[in-house]
Amino acid sequence: MEMQINIRTAREADLPEVMRLLHQINSEHHDHAPAVFVSPDQDEPDHWLKQILDSGQLFLVAESAASIMGLITATITTNSDIPFLSHHKVCRIGTIVVDLRQRRSGIGQLLMAEAESWAATMGAKEIRLEVMEFNQRAVSFYANGGYETQSRIMSKAIA
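None of the values given here were measured: they were computed from a predicted structure.

Cut-off values and rules
- Residues numbered from 1 in each chain as written.
- Predicted model: local features only at pLDDT ≥ 70, side-chain atom pairs only at ≥ 80, totals over all residues.
- Heavy atoms only, no water.
- Core = buried A, V, L, I, M, F, W, Y, C linked by side-chain atoms within 4.5 Å.
- Buried < 20%, exposed > 50% of the residue type's maximum accessible area, 1.4 Å probe, protein only.
- Helix = DSSP H or I, 4+ residues; strand = E, 2+ residues; numbered from the N terminus.
- Contact = heavy atoms within 4.5 Å.
- Phe/Tyr/Trp six-rings, centres within 6.5 Å; stacked < 30°, edge-to-face > 60°.
- Pairing = 2+ DSSP bridges.
- Axes fitted to C-alpha atoms, helices over the stretch in contact; angles between N-to-C directions.
- Left-handed = near helix turned anticlockwise from the far one by under 90°.
- Nonpolar A, V, L, I, M, F, W, Y, C, P; charged D, E, K, R; others polar.
- Salt bridge = Lys/Arg side-chain N within 4 Å of Asp/Glu carboxyl O.

The next point concerns the nonpolar core. With 21 residues, the main nonpolar core has Ile72, Cys91, Ile93, Leu111 and Met112 as its most contacted residues. Contributing elements (two or more residues each) for this core: strand E2 (58–64), strand E3 (67–78), strand E4 (89–98), helix H3 (107–121) and helix H4 (136–144). The element that contributes the greatest number of residues to this core is H3, accounting for 6 residues. For Cys91, the residues in contact, after removing those within four places along its chain, are Ala74, Thr75, Ile76, Trp118, Ala119, Ala124, Glu126, Ile127 and Arg128.

Moving on to the packing of aromatic side chains. Per the counting criterion, the structure on display carries 2 aromatic pairs. For the ring pair Phe141 and Tyr142, a centre distance of 5.3 Å and an interplane angle of 65 degrees mean the geometry is edge-to-face. Residue classification places Tyr142 among the buried positions, given a relative accessible area of 10%. Here the aromatic cluster, defined as three or more aromatic residues joined through ring pairs, consists of Phe141, Tyr142 and Tyr147.

Here we come to the sheet that holds E4. Reading across from one edge, E1-E2-E3-E4-E5 is the order of the 5 strands in this open sheet, with mixed pairing throughout. The strands lining the two open edges of the sheet, one partner per strand, are strand E1 (6–9) and strand E5 (126–128). Each neighbouring strand pair of the sheet contributes to a mean axis angle of 30 degrees, computed without reference to strand direction. The sheet contact formed by E1 and E2 spans 4 bridges and is antiparallel. Across the sheet, the residue bridging to Ile7 is Ala62, located in E2. Where helix H2 (residues 45–53) meets the sheet, its contacts fall on E2, E3 and E4, and the angle it forms with E2 comes to roughly 95 degrees.

So, on to the packing of helix H1 (residues 15–32) against H2. It is at 10 Å that the axes of H1 and H2 come closest, and there the two elements cross at 120 degrees. Handedness of the crossing formed by H1 with H2: right-handed. Contact residues: H1 offers Leu15, Val18, Met19 and Leu22, while H2 offers Pro45, Trp48, Leu49 and Ile52. Split into classes, the residues belonging to the contact of H1 with H2 amount to 8 nonpolar, no polar and no charged.

Per the counting criterion, the structure on display carries 9 salt bridges. Salt-bridge contacts for Arg20 lead to Asp99; the nearest nitrogen and oxygen are separated by 2.5 Å. Here Arg20 is found in helix H1, whereas its partner Asp99 is found in the loop between E4 and H3, with 79 residues between them in sequence. Using a relative accessible area of 2% as the deciding quantity, one classes Asp99 as buried. Residue Glu28 pairs with Arg137 through a salt bridge whose shortest N-O separation is 2.9 Å. Within this pair, whereas Glu28 is found in helix H1, its partner Arg137 is found in helix H4, the two being separated by 109 residues in sequence. When its relative accessible area of 40% is taken as the criterion, Arg137 is described as partly exposed. Where salt bridges share partners, they join Glu17, Arg20, Asp99 and Arg101 into one cluster.

Structural data, given as structure tokens:
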């Protein structure tokens, strides 16, 4: 029997499940890059509640049988500060998480498709996102969805 997935706008009541998913991804990222990601016990629900309540951005959840199994956030930006960069609207994916037990089930694809549709209705000409180099599973996911490396963020610890 195939699982029925509903993609909908996040609500304030979703915060506990949202925090559960964010704890999963934060733990995974902190394990691989502890100098970049804070310890998962430092989760900040107030920050995420503000994002849920912000009508100026996209915050969707994937739900099945009243259980939240994934989420995605996105915003629309327009470059107005750097004159040699295009000034078109860009959709920026902030966070995408699929429950560890539900990965490779198509939920991430559904969330990305909804974000892409939203971006198009908002007049965006492209979608950008940042993915950590260690996260090759995510890199492959995005590449399979047609995303290409456009730039690279590099860093060097100095302390």
